[in-house]
Amino acid sequence: MKKRAILWSVVLVLVLSLGWGALAQETQEVQETQEVQEESSEKTVVAEVNGEPIYLEDLQEIWDALPEVYRVQFPGGIKDLLEQLIRETLLAQQAKKLGLEDDPVIQKRLEDIKRQLLVQELIKREIIDKVQVTDEEIEKEYTSNPSLYTEPEQVKAKHIMTSTEEKAQEVLQELQSGRPFEEVAMEKSESPDARQGGEMGYLKRGDLDPDLEKVLFDLAPGKFSDIVETSYGFHIFLVEEHIDPRLKEVDEVKGEISNRLLPQKQQEAFEKLIEELKSQAEIAIIEENLPKETTPQSEIPGETGGESQP
């Protein structure tokens with residue numbers, strides 16, 4: 001029970017903090033781990049604490065369910081997790097010796113954990129395991145929002161940057177005389193990428209300053225620009241390649257679309273389940289027993305926070 005509480009408390013944190021997508025992924029991983037364990041009738045003992053065994057399979061299950069962000073707390077990996085479980089087992093055994101197991105506060109907390117596990121399992125069985133994105137829904141999303149799945153126009157470019165316009169003029173003259181752009185960039189550019197011949201890589205339309213974008217996207221491949229002044233200095237650009245926008249094939253973005261639609265479908269299914277349960281239930285809210293809402297002092301009409309005026 002203790003180990004299960006640890007395991008599913010991690011999952012509960014995921015659904016509250018990361019949303020449906022993370023919960024579905026982690027739940028699937030836990031389910032796969034449990035299925036593997038059920039195939040084996042024997043478990044491997046890795047430690048005993050006052051005769052109480054800690055099993056390798058249980059240890060591995062907890063470890064596999066931990067997101068990477070939590071694993072950094074165990075730099076020694078599973079061995080560190082084992083040490084944590086040994087300490088916890090010792091503390092739990094001592095708590096039982098002191099009679100805390102029958103303490104009303106503990107019993108209430110155990111009921112809360114049981115309630116959370118029941119809710120978690122219901123969500124898993126009725127929503128996560130059942131709600132899927134169909135091929136028809138993927139196709140509809142793909143055709144309805146082509147801009148979301150279109151690679152933007154791009155250019156592959158190089159540049160030479162100088163600190164003064166005079167130096168840029170000298171560079172421009174050398175380029176016009178026929179010297180290779182990369183050679184001049186490595187020799188004269190004052191940009192950190194001079195060693196790479198001024199290589200800027202692929203630049204997407206929409207990611208740049210509009211004025212600079214116009215210069216780059218108007219250049220024909222193999223051509224270099226006039227001197228362009230920016231906040232960094234004076235530049236001369238060369239466009240090596242110009243790539244037109246491209247609508248990706250539906251198979252390329254199938255996973256992306258599914259990941260986009262699935263949380264919304266799961267949320268809708270969850271809300272529908274809640275409404276169905278409400279419609280079948282008798283719910284009475286005792287308004288008079290609710291705490292009275294109070295208006296913050298600063299929001300009371302006429303109150304300015306300063307001295308009253310005559």
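Procedures and definitions
- Residues numbered from 1 in each chain as written.
- Predicted model: local features only at pLDDT ≥ 70, side-chain atom pairs only at ≥ 80, totals over all residues.
- Heavy atoms only, no water.
- Core = buried A, V, L, I, M, F, W, Y, C linked by side-chain atoms within 4.5 Å.
- Buried < 20%, exposed > 50% of the residue type's maximum accessible area, 1.4 Å probe, protein only.
- Helix = DSSP H or I, 4+ residues; strand = E, 2+ residues; numbered from the N terminus.
- Axes fitted to C-alpha atoms, helices over the stretch in contact; angles between N-to-C directions.
- Parallel < 35°, antiparallel > 145°, perpendicular 65-115°, else oblique.
- Left-handed = near helix turned anticlockwise from the far one by under 90°.
- Contact = heavy atoms within 4.5 Å.
- pLDDT = per-residue confidence, 0-100.
- Pairing = 2+ DSSP bridges.
- Salt bridge = Lys/Arg side-chain N within 4 Å of Asp/Glu carboxyl O.

1. Looking at the nonpolar core
- By size, the foremost hydrophobic cluster in this structure holds 13 residues, and its most contacted members are Ile127, Val133, Tyr142, Tyr149, Val253 and Ile257.
- Listing elements by their share of this core, those giving two or more residues are helix H6 (104–128), helix H7 (135–144) and helix H11 (250–279).
- Broken down by element, this core gets its largest block of residues, 5 residues, from H11.
- With 11 residues, the next largest nonpolar core counts Ile54, Ile62, Leu81 and Leu82 among its residues.

2. Quick notes on the packing of helix H3 (residues 56–65) against helix H5 (residues 78–97)
- Two numbers describe how H3 lies on H5: the axes approach to 10 Å, and their chain directions differ by 110 degrees. Taken together, H3 and H5 sit at an angle that is classed as roughly perpendicular. Relative to H5, the crossing made by H3 is right-handed. Within the contact between the two elements, H3 uses Leu59, Gln60, Ile62 and Trp63 and H5 uses Ile78, Leu81, Leu82 and Leu85.

3. Topic: the confidence of the model for the chain
- Confidence along the chain averages 85 in pLDDT terms, with 82% of residues attaining 70 or more.
- Segment residues 1–18: pLDDT under 50, and 39 contacts once partners within four positions in sequence are set aside and those in other chains are kept.
- Ignoring residues within four places in sequence, the model shows residues 305–310, a span with pLDDT below 50, making 0 contacts including any to other chains.

4. Details of the sheet that holds strand E5 (residues 199–204)
- Strand order across the open sheet formed by 4 strands is E5-E4-E7-E6, with antiparallel pairing between neighbours. A single partner strand is all that each edge strand has here, and the edge strands are E5 and strand E6 (228–230). When the angles between neighbouring strand axes are averaged without regard to direction, this sheet yields 45 degrees.
- Bridge analysis of E6 against strand E7 (residues 233–243) gives 3 bridges, and the strand direction is antiparallel. Of the residues in E7, the one forming a bridge with Val228 is His235.
- Seen against the sheet, helix H8 (residues 165–176) touches strand E4 (154–162) and E7 and runs at an angle of roughly 40 degrees to E7.

5. Quick word on the pattern of salt bridges
- All told, the structure shown has 22 salt bridges when counted by the stated rule.
- Residues Asp135 and Lys254 are paired through a salt bridge, measuring 3.2 Å at the closest nitrogen-oxygen approach. Here Asp135, found in helix H7, pairs with Lys254, found in helix H11; they are 119 residues apart in sequence, far enough to count as distant.
- A salt bridge links Lys188 to Glu174; its shortest N-O distance comes to 2.3 Å.

6. Considerations on the pairing of strand E1 (residues 45–49)
- Pairing geometry for E1 and strand E2 (residues 52–55), over 4 bridges, is antiparallel. Its bridge partner lying in E2, Val49 is registered against Glu52.
- As consecutive antiparallel partners, E1 and E2 are separated by 2 residues, and within that stretch Asn50 has a phi angle of approximately 55 degrees, a positive value.

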